[in-house]
Amino acid sequence: MATEAPARGGYLDILRAPHAARLLAGTLVGRLPNGVGPIAITLFVRDQGGSYTLAGGLIAAYGVATAVGQPLLGRAVDLKGQPRVQLPAAVLSALGMALLALTGIGHLGLAYAAVVVAGLFTPPLEGGLRALWPSVLGSEDRVHRAYAMDAVAQEVMFTVGPLLLTLLVSLRSPAAALLVINVLGVLGALAVVLSEPSRTWRSAPREAHWLGALRSPGLLALLGSFFFVGLALGSITVAAVAYADDRGNPSVYGWLMAALGLGALLGGVTYGARRWSGPPERRLRVLVLLLAVCYLPLVLTPGPVAMTGLAALSGLFLAPVLACAFIVVDRHAPRGTVTEAFSWLVTTFGVGSALGSAVAGPAVELAGTVAGFAVAGVGGLVALLVLLATGRVLAAPAAPETPGTEPRHAVGAGAPTSVHSEKNTH
């Protein structure tokens with residue numbers, strides 16, 4: 001059930017909170033290098049005279065390294081605090097990309113080592129921001145609204161980031177663009193870790209366990225579902241290229257991706273404008289169902305105008321699904337593992353997206369563009385089936401603390417002592 005949120009509960013209310021705008025802006029800027037990394041590597045390799053095969057290999061190495069590094073760094077943040085992990089990681093990641101930009105692709109071993117370092121040390125700013133929201137915003141409702149705003153802000157970043165990269169390339173060169181983007185990333189991370197909430201944040205005490213956040217059955221169920229959400233999204237990017245090629249107009253691809261981002265932006269704004277009641281796990285199933293249903297019409301592959309509309313429709317429930325998933329992660333992450341848990345969600349989504357791109361390519365080659373979009377529909381439906389099959393473990397989130405104990409996830413100067421988890425009695 002949803003009810004209209006009062007004006008004081010909107011995004012502006014969140015941004016007016018002390019430190020909130022700085023943390024959001026710093027995180028988005030700090031994530032720019034990772035957000036545009038694949039595009040930047042491709043442009044750089046092509047400018048150096050390298051093949052698309054080499055670009056793809058470097059991007060794959062970068063993606064795998066990022067997938068490995070995010071949960072490990074997230075666990076380190078939970079154990080050591082944000083400044084001691086986020087800033088050194090951002091500097092090392094930037095140095096990796098700087099090494100690639102300055103040495104080129106003449107020595108392939110060095111080029112691969114550079115992108116592996118850059119990916120492995122990509123700072124987990126995304127998970128870190130979500131861990132900070134409770135101490136910055138206090139109330140449960142504002143934290144949940146911040147998750148929705150975060151999902152919307154991601155869509156803005158993935159739209160503005162490539163445009164900024166293209167501008168830098170046109171003004172100078174792909175190598176210069178790589179350097180500038182990564183300097184901006186370090187500055188963004190610096191803005192976050194120098195803020196009071198980041199400096200004073202401490203994860204709640206955690207049980208020593210080698211599995212860390214992955215010992216939560218509910219979190220594993222969510223990650224299993226989001227792997228297939230990522231797969232669906234990754235397949236759309238490849239199928240959209242094939243669709244544009246079929247029409248003999250490469251610019252159609254840009255329109256489709258922009259429409260998908262616009263749909264996600266509108267969906268996120270609408271979702272965040274309402275106050276939701278009831279268990280978020282149940283709401284997530286409904287949202288994933290709607291997401292999957294909106295992927296299915298893409299197989300119709302009508303003319304470019306209608307296809308652009310279908311692309312916007314396919315993105316409509318993406319940001320709401322992400323925002324709701326953030327709440328579910330918060331409820332199921334074991335005590336003291338919140339940054340690691342959010343980082344696992346980012347990793348799983350990214351790995352699924354990479355596999356979706358890999359699967360959609362052969363599907364298009366064997367059966368045409370329709371088959372590529374069919375992969376997205378299948379991915380969405382399987383994501384829903386995973387949530388339905390694991391409904392029992394998802395319905396049993398980690399128990400909240402008893403009154404008078406510390407919050408399950410984070411403590412810090414000015415942090416609230418109440419748990420910000422959503423209750424099933426709503």
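Keep in mind it's a predicted model, so treat the numbers as computed, not measured.

A. Spatial organisation of the overall build of the chain. When helices and strands are tallied, the chain shows 19 helices and four strands. Counting over 426 residues, the chain shows a buried share of 53%. For the chain, the share of sequence-separated contacts (at least 6 apart) that also reach a separation of at least 24 residues comes to 82%. Carbon and sulfur atoms make up 70% of the accessible area of the chain, which amounts to about 17200 Å² in all.

B. Focus on the side chain of Ser195. The topology assignment puts Ser195 in the loop between helix H10 (174-193) and helix H11 (196-200). Apart from residues no more than four positions distant in its own chain, Ser195 is found in contact with Arg22 and Leu23.

C. Region of interest: unusual backbone geometry. Look at His19: it is not a glycine, yet its phi comes out positive at around 75 degrees. Relative to the helices and strands, His19 resides in the loop between helix H1 (11-16) and helix H2 (20-30). Within the chain, Thr301 stands out as a residue other than glycine whose phi angle is a positive 40 degrees. Mapped onto the elements, Thr301 comes out in the loop between helix H14 (280-295) and helix H15 (304-315).

D. Inspection of the confidence of the model for the chain at higher detail. With 88% of its residues at a pLDDT of 70 or more, the chain has an overall mean of 82. Confidence over residues 1-8 falls short of pLDDT 50; this stretch has 17 contacts with residues more than four positions distant or in other chains. Every residue in residues 399-426 scores below 50 in pLDDT, and together they form 79 contacts with partners more than four places removed in sequence or on other chains.

E. Just the packing of aromatic side chains, in detail. Throughout the structure, instances matching the rule amount to three aromatic pairs. On the numbers, 6.3 Å between centres and 45 degrees between planes, the contact of Phe226 with Phe349 is tilted. On the criterion of sequence distance, the pair formed by Phe226 in helix H12 (residues 217-246) and Phe349 in helix H17 (residues 338-367) is long-range, its members being 123 residues apart. Like Phe349, Phe226 is buried.

F. Fine view of a nonpolar patch on the surface. Together, Val91, Leu92, Leu95 and Val117 make up a nonpolar patch on the protein surface, roughly 300 Å² of accessible area in all. The biggest single contributor to the nonpolar patch is helix H6 (residues 83-103), with three residues. On the basis of relative accessible area, Val91 is assigned to the partly exposed category, the value being 35%.

G. Looking closely at the pattern of salt bridges. All told, the structure shown has four salt bridges when counted by the stated rule. Arg130 is the partner of Glu126 in a salt bridge, and the nearest nitrogen-oxygen pair spans 2.7 Å. Of this pair, Glu126 and Arg130 both sit in helix H8 (residues 125-137), four residues apart, roughly one helical turn. When its relative accessible area of 1% is taken as the criterion, Arg130 is described as buried.

H. Molecular detail of the nonpolar core. One finds Leu100, Trp133, Leu137, Leu222, Phe226, Leu284 and Leu345 to be the most contacted residues of the largest nonpolar core, which totals 108 residues. Looking at this core, the element that brings in the most residues is H12, giving 13 residues. Here Leu100 is in contact with Phe44, Ala111, Ala114, Val115 and Leu178, once residues within four sequence places are set aside.

I. Up close: the side chain of Ser314. Locating Ser314 in the fold gives a position in helix H15. Judged by relative accessible area, which is 2%, Ser314 ranks as buried. Among the polar contacts listed, one links the side chain of Ser314 to the backbone oxygen of Ala311, at a separation of 2.6 Å. Those residues in contact with Ser314, other than ones at most four positions away along the chain, are Leu260, Leu291, Cys294, Tyr295 and Leu298.

J. Inspection of the environment of Leu290 at higher detail. Mapping Leu290 onto the fold places it in helix H14. By relative accessible area, which is 32% here, Leu290 ends up partly exposed.

K. Region of the structure containing the environment of His144. Inspection of the secondary structure assignment puts His144 in helix H9 (residues 140-171). In this structure, the C-alpha to C-alpha distance between His144 and Pro134, residues 10 residues apart in sequence, is 9.3 Å.

L. Seen up close, the packing of H12 against helix H18 (residues 369-389). In contact at an axis separation of 7 Å, H12 and H18 are set at 170 degrees when each is read in the N-to-C sense. As the angle between them shows, H12 and H18 are arranged roughly antiparallel. The handedness of the crossing between H12 and H18 is left-handed. Classifying every residue of the contact of H12 with H18 gives 17 nonpolar, seven polar and one charged.

M. Structural context of the environment of Leu219. Tracing the sequence through the fold places Leu219 in helix H12. Owing to a relative accessible area of 0%, Leu219 belongs among the buried residues under this scheme. Every residue in contact with Leu219, bar those within four places of it in the chain, is listed here: Ala213, Val329, His332 and Ala341.

Cut-off values and rules
Residues numbered from 1 in each chain as written. Predicted model: local features only at pLDDT ≥ 70, side-chain atom pairs only at ≥ 80, totals over all residues. Heavy atoms only, no water. Helix = DSSP H or I, 4+ residues; strand = E, 2+ residues; numbered from the N terminus. Buried < 20%, exposed > 50% of the residue type's maximum accessible area, 1.4 Å probe, protein only. Contact = heavy atoms within 4.5 Å. Areas by Shrake-Rupley, 256 points an atom, 1.4 Å probe, with all protein chains shown as cover. pLDDT = per-residue confidence, 0-100. Phe/Tyr/Trp six-rings, centres within 6.5 Å; stacked < 30°, edge-to-face > 60°. Patch = residues over 30% accessible without salt bridge, like charges linked within 9 Å, V, L, I, M, F, W, Y side chains within 5 Å. Salt bridge = Lys/Arg side-chain N within 4 Å of Asp/Glu carboxyl O. Core = buried A, V, L, I, M, F, W, Y, C linked by side-chain atoms within 4.5 Å. Polar contact = N/O pair within 3.5 Å; in protein donor to acceptor, adjacent residues only side chain to side chain. Axes fitted to C-alpha atoms, helices over the stretch in contact; angles between N-to-C directions. Parallel < 35°, antiparallel > 145°, perpendicular 65-115°, else oblique. Left-handed = near helix turned anticlockwise from the far one by under 90°. Nonpolar A, V, L, I, M, F, W, Y, C, P; charged D, E, K, R; others polar.

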